[in-house]
Amino acid sequence: MKKISLVGVPMDLGQTRRGVDMGPSAIRYAGVIERLEHLKYDVEDNGDIIIGRAERLHNPNERLKNLKLVAEGNEKLAEKVDNILENGDFPLVLGGDHSIAIGTLAGVAKHYKNLGVIWYDAHGDLNTEETSPSGNIHGTPLAASLGFGNPVLTNLHGYSPKIKPENVVVIGARALDDGEKELIKEQGIKVYTMHEIDRLGMARVMEEAIDYLKEKTDGVHLSLDLDGLDPIDAPGVGTPVMGGISYRESHLAMEMLAESELITSAEFVEVNPILDERNRTAKVAVALMGSLFGEKLA
């Protein structure tokens, strides 16, 4: 059985709501290691990447907030993930805000010629310095990994781009900015919005996504933002959007990914225990990890 190497990234600098830096602790507290060990995995907890502290005052000349610190934290994460894959282990990254995906993908993509990405999220995270309405870096990681945006982020870990637009599938989108919609059209990125999920059903969406990536990729990274789920099921997230994917649909998606055996690395992000109810969202994250790693209902 393959070894899972766990890394926590207590990053809250990619957005402005405090508390998401406690996400990795909340997920551990919800029993992630025990859950995966129960499924007979050998789990190594590598602890947390050390993240610098934000300055109280934001630099008005910097379009993206906390750019230097976010880049530094992501570089450390990229090196760690790189090493995990060198050792032949499965990297499982616990966030932190979604800006950490820049580092995860930088560490992962080096090891694949055609890395596929499933971006399970209410948002596209396809903003750049120019299009971001907020300047929050957690809205840019997919764009940066595709090579669009600030060079500090796009060139992280010494190369760009990390992934190709035709190897990306976004699932659960329901809050896209105008600049993101343009980039999706220009680059031909495959997006299943909530409209498609409602219309086709989650089973069909996942079948199509798996078929789409299966033939042309040599590995697939899952980047799961808990705000992809409806806030009824996952209340402890920084940017909740009503009308999301249900708890049960999400389990089905993870179970189908487990059956496909496509996923070669994963991250679960944006758990914010301060905004949560009795650690519900972290428990949901752990339950979904259980399904992703082969847990069955019967």
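On a predicted model such as this, the values are computed, not experimentally measured, just so you know. Residue numbers run consecutively from 1 along every chain, following the written order of its sequence. At least 70 in pLDDT is required for a residue's local features to be given in this predicted model, at least 80 for side-chain atom pairs to be given and counted, and no such filter applies to totals for whole chains, interfaces and linings, which use all residues. Side-chain measures here rest on the full set of heavy atoms in the structure, leaving out hydrogens and waters.

Where do I start with the packing of aromatic side chains in this structure?
Between two aromatic rings, the relevant description is the distance of the centres plus the angle of the planes. For Phe, Tyr and Trp, rings pair up if their centres lie within 6.5 Å, where Trp contributes its six-membered ring, and each pair is then called stacked (planes under 30 degrees apart), edge-to-face (over 60) or tilted (otherwise). Applying the stated criterion to the full structure yields 2 aromatic pairs. Look at Y41 and F293: their rings are 5.4 Å apart centre to centre, the planes differ by 75 degrees, and that puts the pair in the edge-to-face class. Separated by 252 residues along the polypeptide, Y41 in the loop between α2 (32-38) and β2 (42-48) and F293 in the segment after α11 (280-292) bring together distant segments of the chain. Note on classification: 1.4 Å probe, protein chains only; a residue is buried when its accessible area is under 20% of the maximum for its type, exposed when over 50%, partly exposed between these limits. Residue classification places Y41 among the buried residues on the basis of a relative accessible area of 17%. For the pair F90 and F293, a centre-to-centre distance of 5.1 Å together with 75 degrees between the ring planes defines the contact as edge-to-face. Note that F90 is positioned in strand β3 (residues 90-95) and F293 in the segment after α11, a separation of 203 residues in sequence. Summarising the burial analysis for this pair, F90 and F293 share the class buried. Sitting over a ring, as applied to charges here, requires NZ of Lys or CZ of Arg to be within 6 Å of the ring centre and within 35 degrees of the ring normal. Positioned above the aromatic ring of Y212 is the side chain of K190, whose terminal nitrogen or guanidinium carbon lies 4.9 Å from the ring centre. Put simply, DSSP H or I for four residues or longer makes a helix, DSSP E for two residues or longer makes a strand, and each gets a number counted from the N terminus.

Please clarify how the environment of V152 should be interpreted in this entry.
Tracing the sequence through the fold places V152 in helix α6 (residues 151-154). Apart from the residues lying within four places of it in its own chain, the contact partners of V152 are L67 and A71. Here a residue-residue contact requires only that any non-hydrogen atoms of the pair lie within 4.5 Å.

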